[in-house]
Amino acid sequence: MAALVHFDKRGRWGETLVCEHRIAGALAALGLRSGRVPVHEDLGEGLEAVCNVYAAELADLQRVLDVRSIDRITLRPGHFDWPRLRRSFLTEHTHAEAEIRLFLSGTGLFHLRHADGFVGLLCEAGDWVSVPAGMAHTFDGGEQPDFDALRLFGSSEGWVARPTGARGPRLPLLDDFAVQLLSLSGQALDEWE
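What counts as what
- Each chain has its residues counted from 1, following the order in which its sequence is written.
- In view of the model being predicted, local features appear only for residues whose pLDDT reaches at least 70, and side-chain atom pairs are presented and counted only at 80 or more, with totals across whole chains, interfaces and linings using the full set of residues.
- With hydrogens and water stripped out, all remaining heavy atoms of the structure feed into the side-chain values.
- Strands are runs of DSSP state E lasting at least two residues, helices are runs of H or I lasting at least four, and both sets are numbered from the N terminus onward.
- We compute the radius of gyration from the C-alpha atoms alone; for a globule the expected value is 2.2 Å times N to the 0.38, where N is the number of residues.
- Partly exposed residues are those whose accessible area sits between 20% and 50% of the maximum for their type, while under 20% is buried and over 50% is exposed, using a 1.4 Å probe and protein chains only.
- Contacts are assigned to residue pairs that have any heavy atoms within 4.5 Å of one another.
- Here a strand pair is declared whenever DSSP counts at least two bridges between the two strands.
- When we speak of the arc, we mean the arc of directions from the helix axis to the C-beta atoms.
- The predictor rates its confidence in each residue with pLDDT, a number between 0 and 100.

## Description of the overall build of the protein chain
Part 1 of the argument: Scanning the protein chain for helices and strands turns up six helices and eleven strands.
Part 2 of the argument: In terms of overall dimensions, the protein chain is globule-like: its C-alpha atoms have a radius of gyration of 16 Å, near the 16 Å expected for 193 residues.
Part 3 of the argument: Overall, the protein chain is about 40 × 35 × 35 Å in size when its C-alpha atoms are taken along their principal axes.
Part 4 of the argument: Taken across its 193 residues, the protein chain has 47% of its residues classed as buried.
Part 5 of the argument: Here the analysis covers contacts within the protein chain between residues at least 6 apart in sequence; of these, 74% occur between residues at least 24 apart.

## Overview of the pairing of strand 8 (residues 127-131)
Part 1 of the argument: Along strand 8, five of the five residues are buried, which leaves the element largely enclosed by surrounding structure.
Part 2 of the argument: Both faces of strand 8 are covered, namely the face carrying Asp127, Val129 and Val131 and the face carrying Trp128 and Ser130.
Part 3 of the argument: One ladder, built from four bridges, connects strand 3 (residues 33-36) with strand 8; its direction is antiparallel. Directly across from Arg36, in strand 8, lies its bridge partner Asp127.
Part 4 of the argument: Strand direction decides the pairing type here: strand 6 (residues 99-114) and strand 8, joined by four bridges, are antiparallel. From the neighbouring strand, Ile100 faces strand 8, where its bridge partner is Ser130.

## A closer look at helix 4 (residues 82-90)
Part 1 of the argument: Those residues of helix 4 that fall on the buried side of the exposure criterion are Trp82, Leu85, Arg86 and Phe89. One side of helix 4 holds all its buried residues, which, seen down the axis, span an arc of 100 degrees.
Part 2 of the argument: Where the residues of helix 4 are buried, they touch strand 4 (69-75), strand 5 (93-94), strand 9 (137-140), strand 10 (147-153) and helix 5 (174-185).

## Re the confidence of the model for the protein chain
Note: predicted coordinates in regions of low pLDDT should not be interpreted at a detailed level.
Part 1 of the argument: The predicted model of the protein chain has a mean per-residue pLDDT of 90, with 94% of residues at 70 or higher.
Part 2 of the argument: Confidence scores differ between elements of the protein chain, with helix 6 (residues 189-192) showing the lowest mean pLDDT of 50 and strand 7 (residues 117-124) the highest of 97.

Structure (structure tokens):
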């Protein structure tokens, strides 16, 4: 994982973790599992090709979650339907089944609600995170999305998002999150791009 930030219930930026071991511990305390897999460059087209390339990694993830369905989301800058998709992803929702998100390339930002507030989890290529069934979350790919990810579910219906209807504080979206994270580390934005 690239970074994890704790936000209180009012949405104030708190403890920031960039150490993979500490991030994994913080996620585990919230009931999430996470890890990394090697990044493969030549994936081919379509879901079946990716599943063949990542066969060993997917077999390992089957031990984390009894996977019943897999889909692939590939979004690139300029995607014609991104504004609509983004609104949908940014609506806080849950799933009836656990979901594993495995990032094949690019970056994405989850905000996950928990009893004491929220965490912002920045994921990049090779990262995977398992979000438990019923955990309220949102996802953002930025103003110009550039990511490729697999979603693995414990049922064939797991991908159905159920909006929570909850109103929360305004949390930083991917682009603002990255700027803030980089400013805390003393780096310039062009070093991240």
